[in-house]
Amino acid sequence: MKLRIHTRLGVLGLTLALCAALGAASQTPARDAQSAQQPPAPAPEANPVPPEPAAPPAPKPAGPNAASVPAGLRVIVLQPVLRFEDVRSDSLLPRLAAAEAEYANALLDAARNATGSKATIVETDKLEPAGAEACAQLRELGSRLARGNVNDDATAALGRLAALDERYAVLVQFFRLRTGPGASWNSWNGAITSSMASTLMQSALISCRTGKVIWKGERLVRNKALRPAHPDFQKALNLVYQDFDVK
Amino acid sequence: MRQVLSYGFIALLLTTICGVECYAAKAPKTPPDPKLMAIKLISVLPIVDSRAGEKASVNLEKVQEFVMSALKRKRFNTSAETTMGPVGQVVEEDLQGAKPDFVKKLGPAESRWVMAICLGDVTSKLTYGSTGNAELTGYLFDKESGELIWKAKGAGQAGQGGLLGMAMKGAMKTAALQAAGYNLVVSLPTLPKPGK
């Protein structure tokens, strides 16, 4: 009887071991393929590698591109261009994109606060149809304009705004939030990785008359996908506009 | 009776596992895109630096080499280009919504398939060891049709903990870029061996 029980236990143990081995063999390539192609889960909160401290702000003034500014500058603050993406694919991040309005409001508030004391703000909804159309076109080019890259299409749209009022300037904002593989520690071989999440804020003030960049600011926070309520978000935003000037 | 039942259960379990395995192994793969299988030679354009924020020094030619070596593993013939061609200076947005007229001016006039690679970010840092991260985006255009036939992103992470890892900080950017280059081309099919 004892022998029979032992035999049965042995067979069961062997079966379980076989199951485990087959399971591991079938899962490994699938997991590899998934990590290469599937959109990843949001970066984990538990972070064995401490996030990189925010880098010092990049030099701001537009330098040789700085345009001569007509007196009484009127700044059109465009609706910010927001992008929520995964670092490994083009998949969008619906969970973060749901907070789009919150991000947009925070960015607009920061832009208005910075601009308000130095120039007159013009609301886009109060522009003439031709102006509103030009603004919509400029917003489509937001990701390049916000880092001060003005192409021919943008120059044409800026020209149409300048035709309405030479004192117009546009403030373009671009915000990109990326998530990706999080920080990790492999206890077997001691390998560590840092989170690939990042938060980018870029802003540029461009003269409609000359098409030149009057001012630009930028802030990249690595290893963190910041939410608007996070204290570092506001800190980073303040640093973007810390030396905002219209001259 | 009990013994028969237990052996029966084990046999059923084994049959189920084997059945699932066989099904998984025989699951039909999506056939590779014929547009990609027809590629004869890819002209790899100089790397477009799309980085934001503080830019760490990086050898862009080395990045081009990493991508080319990853492409060679997939049996693609490649050639390294030193200029972007008649289009001149290019930024990533130009590639994202590239129109046929623009595509046809990319790279050398005689090349048909051109690959543009944008460096999104590369960084290394010292922690309880050191780590490196890199991001690349690749665009493959068919100049004959003027269309984008493949686009992918490649993220690379590298790192080592402890004192040994701290000493290796200088190598982390390179290791991350190499991993990013490899991951970038993962979605491209592997071409058959020549003569097959």
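Because the structure is predicted, anything quoted here is derived from the model rather than measured.

## Comments concerning the overall build of chain B
- For chain B, the count of helices and strands is 7 helices and 6 strands.
- Residue burial in chain B is summarised as follows: out of 196 residues, 48% are buried.
- A separation threshold of at least 6 residues defines the contact pool for chain B, and within that pool the share at least 24 residues apart is 70%.
- Of the roughly 10400 Å² of accessible surface on chain B, a fraction of 58% belongs to carbon and sulfur atoms.

## Concerning helix H4 (residues 129-140) of chain A
Residue and element names in this part refer to chain A.
- In this model, H4 (12 residues) spans 17 Å end to end at C-alpha, consistent with the 16 Å of a helix rising 1.5 Å per residue.
- Among the residues of H4, Gly131, Ala134, Cys135 and Leu138 are the ones counted as buried. Burial along H4 is one-sided: seen end-on, the buried residues are contained in an arc of 100°. With respect to the buried face of H4, the exposed residues turned more than 90 degrees away are Pro129, Glu133 and Glu140.

## Concerning the confidence of the model for chain B
Residue and element names in this part refer to chain B.
- Of the residues in chain B, 88% have a pLDDT of 70 or more, and the chain-wide mean is 88.
- Looking over chain B, one finds the lowest element-wise mean pLDDT in helix H1 (residues 2-26), namely 63, and the highest in strand E1 (residues 42-44), namely 97.
- Interface confidence in the predicted complex, given as ipTM, is 0.80; pTM for the same model is 0.77.

## Here we look at the nonpolar core
- Residues Tyr103, Leu171, Phe175, Leu205 and Tyr241 of chain A are the most contacted members of the largest nonpolar core, which totals 34 residues.
- Sort the elements by how many residues they give to this core and helix H3 (residues 100-116) of chain A lands first, with 8 residues.
- Once you skip the residues sitting within four places of it in the chain, Tyr241 of chain A turns out to touch Ala110, Ala111, Ala114, Leu171, Gln173, Ser203 and Trp215 of chain A.
- Judged by nonpolar contacts, the second largest core, of 32 residues, contains Val67, Ala134, Ile149 and Trp150 of chain B.

## Brief notes about the pattern of salt bridges
- The final tally for this structure, using the stated rule, is 16 salt bridges over all chains.
- The residue Glu144 of chain B makes a salt bridge to Arg112 of chain B at a minimum N-O spacing of 3.4 Å. Of this pair, Glu144 of chain B sits in the loop between strand E5 (129-142) and strand E6 (147-161) while Arg112 of chain B sits in the loop between helix H5 (100-103) and strand E4 (113-127), and the two are 32 residues apart along the sequence.
- With a relative accessible area of 57%, Glu144 of chain B lands in the exposed category.
- For Arg112 of chain B, a relative accessible area of 31% puts it in the partly exposed group.
- Each of Glu85 and Arg178 of chain A together with Glu135 and Lys153 of chain B takes part in one network of salt bridges that share partners.

## Comments concerning helix H3 (residues 60-73) of chain B
All names here are of chain B.
- Compared with the 20 Å implied by 1.5 Å per residue over 14 residues, the 20 Å span of H3 between its first and last C-alpha is a close match.
- Of the residues making up H3, those classed as buried are Val63, Gln64, Phe66, Val67, Met68, Ala70 and Leu71.
- Those residues of H3 that are buried lie in contact with E1, strand E3 (78-80), E4, E5 and helix H7 (169-184).
- In this structure Asn59 caps H3, since a side-chain oxygen of it lies 3.1 Å from the backbone nitrogen of Glu61.

## Considerations on the packing of aromatic side chains
Residue and element names in this part refer to chain A.
- For the structure on display, the rule yields 9 aromatic pairs over all chains.
- Ring centres of Trp215 and Tyr241 lie 5.5 Å apart, and the angle between their planes is 20°; this geometry places the pair in the stacked category. Of this pair, Trp215 sits in strand E8 (residues 213-222) while Tyr241 sits in the segment after helix H7 (231-240), placing them 26 residues apart in sequence. The same class applies to Trp215 as to Tyr241, namely buried.
- One aromatic cluster is present, formed by Phe84, Tyr103, Phe175 and Phe233 through successive ring pairs.

## With respect to the pairing of E4 of chain B
Residue and element names in this part refer to chain B.
- The buried fraction of E4 amounts to 14 of the 15 residues, a majority that puts the element mostly inside the structure.
- Where E1 meets E4, 3 bridges bridge the pair, whose relative direction is parallel. If you follow Ile42 over to E4, its bridge partner there is Trp113.
- Where strand E2 (residues 48-49) meets E4, 2 bridges bridge the pair, whose relative direction is parallel. When the sheet's bridge partners are listed, Asp49 is paired in E4 with Leu119.
- Alignment of E4 against E5, held across 14 bridges, turns out to be antiparallel.

Rules used throughout
Residues numbered from 1 in each chain as written. Chains lettered and ligands numbered in written order. Predicted model: local features only at pLDDT ≥ 70, side-chain atom pairs only at ≥ 80, totals over all residues. Heavy atoms only, no water. Helix = DSSP H or I, 4+ residues; strand = E, 2+ residues; numbered from the N terminus. Buried < 20%, exposed > 50% of the residue type's maximum accessible area, 1.4 Å probe, protein only. Contact = heavy atoms within 4.5 Å. Areas by Shrake-Rupley, 256 points an atom, 1.4 Å probe, with all protein chains shown as cover. Expected span 1.5 Å × (residues − 1). Arc of directions from axis to C-beta. pLDDT = per-residue confidence, 0-100. Core = buried A, V, L, I, M, F, W, Y, C linked by side-chain atoms within 4.5 Å. Salt bridge = Lys/Arg side-chain N within 4 Å of Asp/Glu carboxyl O. Polar contact = N/O pair within 3.5 Å; in protein donor to acceptor, adjacent residues only side chain to side chain. Phe/Tyr/Trp six-rings, centres within 6.5 Å; stacked < 30°, edge-to-face > 60°. Pairing = 2+ DSSP bridges.

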